[in-house]
Amino acid sequence: MAFNVNEIEGWKKRYPLLKDILELKEVTWLNPNARDMAQVEGLAVNRQDMENAEALWQRFAPFIAEAFPETAAQGGIIESPLKRVDGMKAQLNSQYGAEIEGVLYVKCDNDLPIAGSVKARGGIYEVLQHAEQMALAEGMIDASKDYSQFASERFRQFFSGYSLGVGSTGNLGLSIGIAGAKLGFQTTVYMSDDAKQWKKDLLRAKGATVRECSGDFSKAISEGREATKQDPTAYFVDDEKSRHLFLGYSTAAVRLKTQLQEQGIIVDREHPLFVYLPCGVGGAPGGIAFGLKQVYGDAVHCFFAEPTHSPAVLIGLLTGEKEKVCVQDFGIENRTEADGLAVGRPSSFASSISEQLVSGAYTLEDGELFKLLKLLSDSENMFIEPSAAAGFPGPQKILSTGYAAARGLNMANAVHVVWATGGSLVPQEEREHFYQKGTDGLQRTSR
Ligand SMILES: *Cc1c(COP(=O)(O)O)cnc(C)c1O
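A quick note: this is a predicted structure, and the numbers were derived from the prediction, not measured. Each chain has its residues counted from 1, running along the sequence as written. It should be noted that, the model being predicted, local features are given only for residues of pLDDT at least 70 and side-chain atom pairs only at 80 or more, the latter also being counted only at that level, while totals for whole chains, interfaces and linings use all residues. With hydrogens and water excluded, all non-hydrogen atoms of the structure serve as input to the side-chain values.

## Observations concerning the UniProt feature "modified residue: N6-(pyridoxal phosphate)lysine" (unreviewed entry) in the protein
UniProt positions are given in the numbering used here, feature names are shortened, and annotations may be inferred rather than shown by experiment. Per the UniProt entry, the sites bearing "modified residue: N6-(pyridoxal phosphate)lysine" (unreviewed entry) are Lys119 in this numbering. Under the scheme used here, helices are H or I runs from DSSP no shorter than 4 residues and strands are E runs no shorter than 2 residues, and both carry numbers assigned from the N terminus. In this fold, Lys119 is placed in helix α5 (residues 119–137). Any two residues whose heavy atoms approach within 4.5 Å are treated as being in contact. Beyond its immediate sequence surroundings of up to four residues, Lys119 is in contact with Ile124, Asn171, Leu172, Ser175 and Tyr249.

Structure follows, in structure tokens:
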């Protein structure tokens, strides 16, 4: 329910940062409720859950390698490279007029196989765990068997009697649609009206059904949830409260640890790790932050990045109201070109965990996303979608808050990881359009 003028004034009095947030200004917020790991309590998931999730990925690797040959070289493990980006660091230094101390890396989830975005981690995981539960219940499989059977006609035949539903602005639908259709499920994706046409076309080409919903992401979710409930054979992947999505995302931490070790990078008290995560409902960034906190404890510092027009998780955490409020309640319309982040209401599941673990959050304007996407393309020859660029201003935004100084962190030893969350499936024509917008934006600001 939208707040009236007096109520909004009341909120602003209690949380002064809200004034700038509601005026759609870029803000940076440090989380006063973040805790040392020794003090964290009552989380709905634990380290064992994350390790169990990683074990599920390992069981399914033979299936993934067979069903998605592009993953065969990695043995059916869906993972992306970690890339050191000195060229982009130089670009950011000149663009924002401040030196980034330490080294800058990009986690290239824009190149994740199968779904081309971070949603491959959560979405495919949830579909696989659901398929496993069904096959177990049917006595078709057990953990000692070879899971490549999931690619067989017998399994496809079995799953074709069941359906999957999901509400999505695009990328989650792609991951569920592609994985679900491959296993044989009847998959329906309920899409918000800001979802891109090419994403709908691609999903249909992969064999999923696309239902277009008027209204934003939350509307698409509730429509999908209701329709799926009517069908007793159906399972709904619920981005507003999914534990499975969250655990799928969390396993990124285990993989990142290996990659950092391979590059000879130490993370500890003297060598802090800073991670900047584009944030929609908060599931992907929350799950990754949760996993990293399990792996690195207080040595890792995670920050969320949202568009100024969709600061759902920021408002939820700042006010402590989490999923009980949405940006529209505060008169913000949730319109952004960062379609992966076009979310008005945070995930209840993820927010209740992130509120203790995330170090802070910041917002940025849409125009900035295009500029960053162009700078990354020029300096590193990497293409990412607008949403995926939101992490890049992180190092300098956080530097300006005095966060590191207040904690006595030695930033000369810092490792910054910007999580690039999507892009490889974006068609060439769209890429050129995004790049041009970035070029125009940079010319305007340099004049
Ligand atoms: C979904 C998405 C995110 C954020 O994930 P949430 O779980 O919604 O917070 C970030 N970037 C891209 C490209 C996405 O598709």
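## Details of the pairing of strand β5 (residues 186–191)
The side chains of a regular strand alternate between the sheet's two faces. Only protein chains enter the accessibility calculation, which uses a 1.4 Å probe. A residue is then buried if its area is under 20% of the maximum for its type, exposed if over 50%, and partly exposed in between. Here β5 lies mainly inside the structure; five of its six residues are buried. With six bridges connecting them, strand β4 (residues 163–168) and β5 associate as parallel partners. Across the sheet, the residue bridging to Gly167 is Tyr190, located in β5. Look down the strands so they point away from you; if going from the first strand over the helix to the second traces a clockwise path, that crossover is right-handed. Crossover connection from β4 via helix α7 (residues 171–183) to parallel β5: handedness right-handed. Two strands pair when backbone bridges link them, and β5 and strand β6 (residues 209–212) are joined in this way by four bridges, in the parallel orientation. In the sheet register, Val189 faces β6, and the bridge partner there is Val210. In terms of handedness, the path from β5 via helix α8 (residues 197–205) over to β6 forms a crossover that is right-handed. Between any two strands, at least two bridges found by DSSP are needed for them to pair.

## Notes on unusual backbone geometry
Residue Ile114 is not a glycine yet carries a positive backbone phi of 75 degrees. Within the secondary structure, Ile114 sits in the loop between β3 (103–108) and α5. Even without being glycine, Lys322 reaches a positive phi, approximately 45 degrees. As for its placement among the helices and strands, Lys322 is situated in the loop between α13 (312–319) and α14 (348–357). Residue Lys322 is classed as buried on the basis of its relative accessible area of 15%.

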